[in-house]
Amino acid sequence: MTQSTNFTFKVLLYLIVCFFTLLNCTEKSKQETFPTIHIDPDMEPKEADLSELATEIKVVPLETNLACLIGGWSHLEYVDEKYIIYRSSSKSDKALLIFNSQGGFLNKIDAYGEGPEEYTSIESVLFDSDKELIYISDHRKVQVYNMKGNFIKSLKTSFPIGGLYQNHDGQFLVPVQQIYAESNRDMLHIMDAEMQLVKSIKSRNPEVISDIQQGYRYHGDPIEANNQFFYKEPFVDTLYEIRGTGLKPYMKFDLNGKGFSTRDGINPENYQQNAKRKIPPIGPKVGDNLIFIQYTYIDAEYLSIYDKASQKNIFHKKFLFTSLENNPLSLGINNDLVEGSPAFLPKYVKDNIMVSVVEPGNLTKDQRAMFKVKREDNPILLIATIKD
């Protein structure tokens, strides 16, 4: 091989190496690029009517009778085309109320007690729509019932359950309450159908805080959207996609330096000192197309809506506490799909539906007449279908 040919070969080899190195870096850069949602109270306000976000809305007053009264400490747990499940958690009555899609009362799971087929609290609720089973997490156990309220079985755990979710493989996703004095702590357990551990996922929060007392407990909640599961850990700015038994970064939340630190949030004294000048940990509601973020900051409540397709905030509005005291139902999106209705505030979001919960006691006399309800009646659900 001549000297000239040898030189040409070396140059060619160098260029090939550079090409593949650049290609590898480019592919890696593409893989690591994901959207950022900017959350800042000082952002420019953006308004939208409900008709810009939803194609239709259904008004569902929940039936009211002595067997299905929903107490003050209550929570909407589940909505689909067949069932509505509500948690009623007053001091004297901890029960699940099951309604049909039109709001008609079907049944009540009322097994509050200390017996082997009962529960002492309702920490979280999971509904398996395929098997029509309801799972109630209660500290270190899960009680399973059918839709008639009959006890099926009990599943035990060795740790306090922070919540209960189920992926498409039938595995349970169980958040772990965080003890921030511990290093290398577990954040999320993946369990099999009998609540046996498959994999533990470690916290992505590197902070270990042992010099102050932790008074508040935190855990994240898995979120289902687009047939995928996601996880947002408190005090961590990343929303992760749960892939098999691992996590992959999916989206970031940028609070512009206004968010609580771990130290701010876990200690009651620190929390109170920072509550008026920091944004507490956020729990986004994620649908197939939209992400809803509600938070407090200084003297107001804020609502932001992020559109996945355009990767932009399409709604951002401030609601002063002083105004909400006089008109609590003004918090939300202008509901131009139901004339005379209060603002639409998404309390439950899943796939392509969002649900606003209206308490009749907060309505005006004319609004109660319009909805045909009484002041003491059960809530009204406004179920909207989100646009594609």
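In this report, the structure presented in the accompanying data block is examined. (Residues numbered from 1 in each chain as written. Predicted model: local features only at pLDDT ≥ 70, side-chain atom pairs only at ≥ 80, totals over all residues. Heavy atoms only, no water.)

**Remarks on the overall build of the protein chain**
Then, number 1: Along the protein chain, the regular secondary structure elements total five helices and 25 strands.
Then, number 2: Dimensions of the protein chain, computed from the C-alpha atoms along their principal axes, are close to 100 × 50 × 45 Å.
Then, number 3: In the protein chain, which comprises 388 residues, the proportion classed as buried is 48%.
Then, number 4: Pairs at least 24 apart in sequence give 49% of the contacts found in the protein chain among residues at least 6 apart.
Then, number 5: Accessible surface computed for the protein chain: about 20,000 Å², of which carbon and sulfur atoms make up 49%.
Then, number 6: For the protein chain, the distance from the average position of its 43 positive side-chain charges to the average position of its 51 negative side-chain charges is 3 Å. (Helix = DSSP H or I, 4+ residues; strand = E, 2+ residues; numbered from the N terminus. Buried < 20%, exposed > 50% of the residue type's maximum accessible area, 1.4 Å probe, protein only. Contact = heavy atoms within 4.5 Å. Areas by Shrake-Rupley, 256 points an atom, 1.4 Å probe, with all protein chains shown as cover. Lys, Arg positive; Asp, Glu negative; His and termini not counted. Charge placed at Lys NZ, Arg CZ, Asp CG, Glu CD.)

**Considerations on the nonpolar core**
Then, number 1: Counting residues in hydrophobic clusters, the biggest one holds 33 residues, and the most contacted among them are L76, Y86, F99, I134 and L381.
Then, number 2: Counting only elements with at least two residues in this core, the list comes to strand 3 (74-79), strand 4 (83-89), strand 5 (94-100), strand 6 (105-109), strand 7 (124-128), strand 8 (133-138), strand 24 (353-358) and strand 25 (380-386).
Then, number 3: Here the element with the most residues in this core is strand 5; it accounts for five residues.
Then, number 4: Apart from residues no more than four positions distant in its own chain, F99 is found in contact with L62, E63, C68, I70, K82, Y83, I84, Y86, G104, F105, L106 and N378.
Then, number 5: Residues A48, A54, L290 and A384 belong to the second largest nonpolar core, which totals 27 residues. (Core = buried A, V, L, I, M, F, W, Y, C linked by side-chain atoms within 4.5 Å.)

**Considerations on the pattern of salt bridges**
Then, number 1: Under the definition given, this model contains 13 salt bridges.
Then, number 2: The network of salt bridges with shared partners includes D40, D42 and K258. (Salt bridge = Lys/Arg side-chain N within 4 Å of Asp/Glu carboxyl O.)

**Brief notes about the pairing of strand 3**
Then, number 1: As paired elements, strand 3 and strand 4 share five bridges and run antiparallel to each other. Counted as the bridge partner of V79 is I84 from strand 4.
Then, number 2: Hairpin remark: strand 3 followed by strand 4, antiparallel, with three residues in the connecting loop. (Pairing = 2+ DSSP bridges.)

**Thoughts on the environment of L381**
Then, number 1: Its location among the elements puts L381 in strand 25.
Then, number 2: We classify L381 as buried; its relative accessible area is 0%.
Then, number 3: For L381 and V144, which are 237 residues apart along the polypeptide, the C-alpha to C-alpha distance reads 27 Å.
Then, number 4: Apart from residues lying up to four places away in sequence, L381 is in contact with K58, V59, V60, L62, L76, I84, Y86, V355, S356 and V357.

**Considerations on the packing of aromatic side chains**
Then, number 1: Scanning all chains against the criterion turns up twelve aromatic pairs.
Then, number 2: A ring pair is formed by Y295 and Y302, whose centres lie 5.2 Å apart and whose planes are at 5°; its orientation type is stacked. Each member of the pair, Y295 as well as Y302, carries the same accessibility label: buried.
Then, number 3: Site record: aromatic cluster; members linked through ring pairs are Y78, Y83 and F127.
Then, number 4: In this structure, R204 is placed above the aromatic ring of Y240, and the distance from its NZ or CZ to the ring centre is 5.7 Å. (Phe/Tyr/Trp six-rings, centres within 6.5 Å; stacked < 30°, edge-to-face > 60°. Lys NZ or Arg CZ within 6 Å of the ring centre and 35° of its normal.)

**Description of the sheet that holds strand 9 (residues 141-146)**
Then, number 1: Across the sheet, which stays open at both edges, the four strands sit in the order 7-8-9-10 with antiparallel pairing between neighbours. Unpaired on one side and paired on the other, strand 7 and strand 10 (151-156) mark the two borders of the sheet. With strand direction ignored, the average angle separating the axes of adjacent strands in the sheet is 20°.
Then, number 2: Alignment of strand 9 against strand 10, held across five bridges, turns out to be antiparallel. Counterpart to Y145 in the pairing with strand 10 is F151. (Axes fitted to C-alpha atoms, helices over the stretch in contact; angles between N-to-C directions.)

**A short note on the environment of I282**
Then, number 1: As for its position among the elements, I282 is in the loop between helix 3 (268-274) and strand 19 (285-286).
Then, number 2: The spatial distance from the C-alpha of I282 to the C-alpha of T296 is 9.4 Å, given a sequence separation of 14 residues.
Then, number 3: When sequence neighbours within four positions are dropped, the list of residues in contact with I282 reads I39, K232, F253, I293 and Y295.

**A look at the side chain of D80**
Then, number 1: Along the chain, D80 falls in the loop between strand 3 and strand 4.
Then, number 2: Polar contacts involving the side chain of D80 include one to the main-chain amide nitrogen of K82, which spans 2.7 Å.
Then, number 3: At 2.6 Å, the side chain of D80 and the backbone nitrogen of Y83 are in polar contact.
Then, number 4: Apart from the residues within four sequence positions on either side, D80 is in contact with S101, F127 and S129. (Polar contact = N/O pair within 3.5 Å; in protein donor to acceptor, adjacent residues only side chain to side chain.)

**Notes on the pairing of strand 4**
Then, number 1: Counting buried positions along strand 4 gives seven out of seven residues, so the element sits mostly inside the fold.
Then, number 2: By the alternation rule, side chains of strand 4 split into Y83, I85, R87 and S89 and I84, Y86 and S88, which are all buried.
Then, number 3: Pairing of strand 4 with strand 5, which is carried by seven bridges, proceeds in the antiparallel orientation. Within strand 5, the residue paired with S89 across the bridge is K94.

**Comments concerning the layout of surface pockets**
Then, number 1: Quantified by volume, the second largest pocket comes out at close to 210 Å³.
Then, number 2: For the second largest pocket, the lining is made up of 16 residues, of which F235, D237, L255, G259 and F260 are closest to its centre.
Then, number 3: Here the residues of the lining of the second largest pocket sort into nine nonpolar, three polar and four charged. (1 Å grid on protein atoms, 1.4 Å probe; cavity = no way out; pocket = protein on both sides within 12 Å on 5 of 7 lines; lining within 4 Å. Points joined across faces, edges and corners; volume = space filled by probe spheres on them. Nonpolar A, V, L, I, M, F, W, Y, C, P; charged D, E, K, R; others polar.)

**Comments concerning the sheet that holds strand 5**
Then, number 1: Read across the open sheet, the four strands follow the order 3-4-5-6; overall the sheet is antiparallel. At either end of the open sheet lies a strand with only one pairing partner, and these are strand 3 and strand 6. Averaged over all pairs of adjacent strands, the angle between strand axes in this sheet comes to 20°, irrespective of strand direction.

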